[in-house]
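In case you want the letters, here they are:
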Amino acid sequence: MKTKFTHLTMLLPLTLVLSTFHLEAQAQTCQHDMPATEAYKEAVFFYPCELTAPTPATTLTAGYNNTYRNIQWMAEAMADAGYVVLAMSPIDIYGDVPQWTTAHLGGQKTLIAENNRIDSPLKGKIDIERRGIAGFSMGGGGTLLAGSELQNDVKALAAFAPFLKAEDRLKVNVAVPTMILAGDRDLLVTNESIEEIYGRVTSAGVDNALAVYRNGRHQQWYRAEITTNRESYKAMAIAWFDLYLKGDKSAAKSLETIREDVGKNEELLSRYELNIQQ
């Protein structure tokens, strides 16, 4: 069943001046549930209601002890920005990173299948050549591992506070542009682990970005009552996908502007690395 809902979208204009928000016109986002598979126990598509052409798409997961509902705020923001988003909960939300890797791999297959399903509201509306992967915590670790397996079959990765055990960090071998968002006060995903993971990404030779949020904490991503930095999280992730899934060159300028501002205003980010060939 397809559900339609309307809400006002707040977007950060991709600078570090957080007070300068602007309102978009009312946007309508549709959603429909998908049946469970061997890869995930529940999944929901979020997408613009008035799609008229094949549209870039991504899979999205939250983290340990989370369902897709904990990251639904990101799914809705991406849908508002013109993406088809398959938000998923893994089979075992108390499992290890391979559960989230499997969910993303299965979800990528679902994106392709849904584009071909005869009675799907998304039939012919998913651009299967422009697919991304995004996830938080174990979902972020799963993003990097699934991306390492799929290589150029996907076109961009966005890992939010990605959790990976030391032995799994060695498996990160991405082939497409990869963004990592992290927090310097995250007690679960430490600065040391992020440094190691980011090193694996840079050594792969792909376009990359690392944004470390000052006083950023793990709970800001999944707890409904803690929404610190979320407008920036949305804006950064969407800009990355706009650049590499939509081919919007203006997004590169926005990402460069953030780098210029970091030295002037360190209230939001304590570290920002950007390496893009544009």
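Just above, that's the structure.
Residues numbered from 1 in each chain as written. Predicted model: local features only at pLDDT ≥ 70, side-chain atom pairs only at ≥ 80, totals over all residues. Heavy atoms only, no water.

Caption draft 1: Quick look at the pattern of salt bridges. Per the counting criterion, the structure on display carries 13 salt bridges. When the shortest N-O distance is used, the salt bridge between D96 and K165 registers 2.8 Å. Here the residue D96 occupies a position in the loop between strand 7 (84-90) and helix 2 (97-116), and K165 occupies one in the loop between strand 9 (156-160) and helix 4 (166-169), the gap between them amounting to 69 residues. By relative accessible area, D96 is classed as partly exposed at 25%. Residue classification places K165 among the partly exposed residues on the basis of a relative accessible area of 35%. For K246, the salt bridge is made with D242, and the minimal N-O distance between the two is 3.8 Å. For K246, a relative accessible area of 31% corresponds to the partly exposed category. Linked through salt bridges whose partners overlap, the residues forming this network are E114, R117 and D119. (Salt bridge = Lys/Arg side-chain N within 4 Å of Asp/Glu carboxyl O. Helix = DSSP H or I, 4+ residues; strand = E, 2+ residues; numbered from the N terminus. Buried < 20%, exposed > 50% of the residue type's maximum accessible area, 1.4 Å probe, protein only.)

Caption draft 2: Molecular detail of the packing of aromatic side chains. Under the defined criterion, the tally for this structure stands at 9 aromatic pairs. Measuring from ring centre to ring centre gives 3.8 Å for W221 and Y233, while their planes differ by 5°; the resulting arrangement is stacked. On the criterion of sequence distance, the pair formed by W221 in helix 6 (residues 219-222) and Y233 in helix 7 (residues 230-244) is long-range, its members being 12 residues apart. Chaining the aromatic ring pairs together yields one cluster made of W73, F136, F160, Y213, W221, Y222 and Y233. Lying over the aromatic face of Y83, K246 brings its terminal NZ or CZ to 4.5 Å of the ring centre. (Phe/Tyr/Trp six-rings, centres within 6.5 Å; stacked < 30°, edge-to-face > 60°. Lys NZ or Arg CZ within 6 Å of the ring centre and 35° of its normal.)

Caption draft 3: View of the nonpolar core. Counting 46 residues, the largest nonpolar core has M74, F160 and W221 as the members making the most contacts within it. Counting residues per element, this core draws most heavily on helix 7, which supplies 9 residues. Filtering out sequence-adjacent residues up to four positions away, F160 remains in contact with L60, M74, A134, G135, F136, S137, G140, L181, W221 and A237. W100, I133, M138 and L210 belong to the second largest nonpolar core, which has 26 residues in total. (Core = buried A, V, L, I, M, F, W, Y, C linked by side-chain atoms within 4.5 Å. Contact = heavy atoms within 4.5 Å.)

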